[in-house]
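Tertiary structure, described
If you want the building blocks of each chain, they are given just below.
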Amino acid sequence: MTNAPEPRRTWVYPLEVKGKFQRIHRATGLALQVILVGLPWLLVKGYPAVQFDLTARRAYVLGAIFTAQDTVFLVIMGLLEAFSLFLFTALFGRLWCGFACPQTVYLEEWVRPIETFFEGKRGARMARDKGPWTAEKAARKAAKWTAFALLAGVVSMSFMSWFAGARPLWTGHASGGTYAVTLFLGGVMFWDFAWFREQFCNYLCPYARFQGALTDPQSLVVSYQVSLGEPRRGEGACIDCKKCVAACPQGIDIREGFQLECITCGRCIDACDDVLGKKGEEGLIRYTPLVPGPTIRPRTVAYAAILLALLTAFAAMMANRHDLVADISRAPGTLFNIDADGWTRNTYLMRVTNNSHEEAEFDVSVEGLPTDTKLDVSPIKLSPSSTATVPVIVRLSPGEAAARTLPFVVRVANGHDQVLLSTTFKTSEG
Ligand code: SF4
Ligand code: SF4
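Throughout, residues of each chain are indexed from 1 in the direction in which the sequence is written. Chain labels run from A onward and ligand labels from 1 onward, assigned in the order the entries are written. Confidence filtering applies because this is a predicted model: local features only for residues at pLDDT of at least 70, side-chain atom pairs given and counted only at 80 or more, and all residues used for totals across whole chains, interfaces and linings. Excluded from the side-chain calculations are hydrogens and water; all other atoms, namely the structure's heavy atoms, are used.

Bringing the sheet that holds strand β15 (residues 405-413) into the picture now. Pairing between the strands of a sheet is mediated by backbone hydrogen bonds and can be parallel or antiparallel. For two strands to be treated as a pair, DSSP must find no fewer than two bridges joining them. To qualify as a helix, a DSSP run of H or I must reach at least 4 residues; to qualify as a strand, a run of E must reach at least 2; elements of each kind are numbered from the N terminus. Read from one edge to the other, the open sheet built from four strands follows the order β13-β11-β15-β16, with strand pairing classed as antiparallel. A single partner strand is all that each edge strand has here, and the edge strands are β13 (380-382) and β16 (418-426). Sheet twist, expressed as the average angle between the axes of neighbouring strands with direction ignored, equals 25°. For strand β11 (residues 360-367) and β13, the ladder comprises three bridges, and the chain directions are antiparallel. Pairing of A360 across the sheet is with L382, part of β13. Every axis in this analysis is a line fitted to C-alpha atoms, fitted for helices over the stretch in contact. Angles between the N-to-C directions lie between 0 and 180 degrees.

Bringing the pattern of salt bridges into the picture now. In what follows, salt bridge is the name for a side-chain nitrogen of Lys or Arg lying within 4 Å of a carboxyl oxygen of Asp or Glu. One pass over the full model with this rule turns up 26 salt bridges. Measuring nitrogen to oxygen at the nearest pair gives 3.1 Å for the salt bridge that ties R9 to E198. Here the residue R9 occupies a position in the segment before α1 (20-38), and E198 occupies one in helix α9 (residues 198-204), the gap between them amounting to 189 residues. Only protein chains enter the area calculation, which uses a 1.4 Å probe; residues under 20% of their type maximum are buried, those over 50% are exposed, and those in between are partly exposed. Taking the relative accessible area as the measure of exposure, R9 reaches 27% and is therefore partly exposed.

As paired elements, β11 and β15 share five bridges and run antiparallel to each other. Paired with S365 across the bridge in β15 is R411.

The end-to-end C-alpha distance of helix α4 (residues 102-119) is 24 Å, a good match for the 26 Å that 18 residues give at a rise of 1.5 Å each. The sharpest bend along α4 comes to roughly 35°, located at E108. Of all 18 residues that make up α4, 13 are buried, and the element is covered over most of its length. Helices are assigned an expected span. That span is 1.5 Å times one less than the residue count. A residue's bend is the angle separating two fitted axes: one through the seven residues that end there, the other through the seven that start there.

Interaxial distance between α1 and helix α12 (residues 267-277) falls to 7 Å at its minimum, and their mutual angle equals 145°. Across the interface between the two elements, K20, F21 and Q22 of α1 pack against R267, I269 and D270 of α12. Here the residues of the contact of α1 with α12 are counted per class, giving two nonpolar, one polar and three charged. Whether two residues touch is decided by their heavy atoms; if any such pair falls within 4.5 Å, the residues are in contact. Here the term charged refers only to Asp, Glu, Lys and Arg, the term nonpolar to Ala, Val, Leu, Ile, Met, Phe, Trp, Tyr, Cys and Pro, and the term polar to all other amino acids, Gly among them.

Another point: the site of ligand 1. Throughout, near means a residue has at least one heavy atom within 4 Å of the molecule or strand. Close to ligand 1 lie 13 residues; C248, C262, C265, G266 and C268 are nearest. Per-class residue counts for the shell around ligand 1 are nine nonpolar, three polar and one charged.

The next thing to look at is the domain arrangement of the protein. Parsing the protein into structural domains produces domain 1 (20-213 + 296-315), domain 2 (216-289) and domain 3 (324-426). The start and end points of each domain follow an automatic or database-based domain assignment. Computed over C-alpha atoms, the centres of domain 1 and domain 2 are 28 Å apart. On the domain 2 side, the residues contacting the 23 residues of domain 1 number 18 residues. Between domain 1 and domain 2 the total buried area reaches about 1800 Å² when both faces are included, carbon and sulfur atoms providing 47% of it. Its largest share of buried area at the contact with domain 2, domain 1 owes to F21, R94 and R297, together 27% of the area lost on that side. At the surface where domain 1 touches domain 2, the tally comes to three salt bridges. Salt-bridge contacts for R297 lead to D216; the nearest nitrogen and oxygen are separated by 3.0 Å. Here a polar contact is recorded for every N or O atom pair within 3.5 Å, except that within protein the pair must consist of a potential hydrogen donor and a potential acceptor, and residues adjacent in sequence are included only if both atoms are side-chain atoms. The interface formed by domain 1 and domain 2 holds 13 residue pairs in polar contact (both at pLDDT 80 or more) in total. Sorting the residues of the side of domain 1 that touches domain 2 by element identifies α1, α2 (71-92), α3 (95-99), α4 and α9 as the ones contributing at least two each. Buried area is calculated as the accessible area (1.4 Å probe) missing from two parts once they are joined, with the contributions of both summed.

Spelled out as structure tokens, the structure:
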């Protein structure tokens, strides 16, 4: 018994179409590109509008600075994004894929127009690809691939600007490692633009894999309206022109029913509307629920409730967020020491973070200990959004340091904000 060979990939040559969905796609694609390319260049309060600086473990988001101590904020932001996508998918199906995903946006807005510019329209490309290699064919492909490489470079640099910062990256001031990652990503993007294309959605994209779990029969999908004509028997309004099939960038025939490969781009709808519109008839493909039903369903209510709870928590935490964050712990391996002069010494490590946009100096004092307590701590001066760990030494005179554990408070203040840290002072028998 022999195994059947894997079917080879059929290259997709999507037919150019015009229509309502393509106009919407152009607008959302433009908005996405402005955000992707422009946001890292924008400055808010002197900092990038958006930058996730992974090496410094710091994130800038529209004027707010988040450090490693703010991981919970970043986790909530991630959950907000995830549940927005869940809600959006339950309501509108894979609209994200067809209208806002960078994969679709760059394929539709740049890759296909570049391909048409260098190699001509669908029919000419199909004929040339079937024919033998000639100097003209090689020159056209080389020019197209060069343009794809330039595009991949720009997209990769724009994407990495979100992490490394647009200014340092584009002016040659980022690290060698950052440029190596940018080059690698650019190479992957070139491979995607030049060859992989729709296979990314079909085989690699995780969102495409779990969309089935996020939708139900009332979610909007692109579907052929069988009630208006059965295409496989040549009955009804479908004239079997196959323009919807030719226009599909995923290479599927939507008349065969809803398919997981469909990215909801609406090209087939525009194609059919165009063909049948010329005959004065309505198109047969619609963006509609598979089974009509209410918009408010247990699934959409649950997602909306979780989103609301997350938004409320995020807003409350932001309102109570301090520019000054500090914590204190006993220095590792030390409980107490008796110095040569008989005083008892406890040593602590205090971590102070300045989340503000200005340089700040911090005063440290102790409360709850005898008045002759000696405090030894270096001056703390921190640049914006930086953290320092400093030793704090507290000494009690022999008469005061009885055999006990003494609770007290360390006060850290910078003029307009303060933090009180509770800890204990230990003596020989405490
Ligand atoms: S079936 Fe229609 S909506 Fe779905 S991917 Fe193909 S052209 Fe786009
Ligand atoms: S474009 Fe419309 S009429 Fe033409 S084959 Fe597709 S569904 Fe039928």
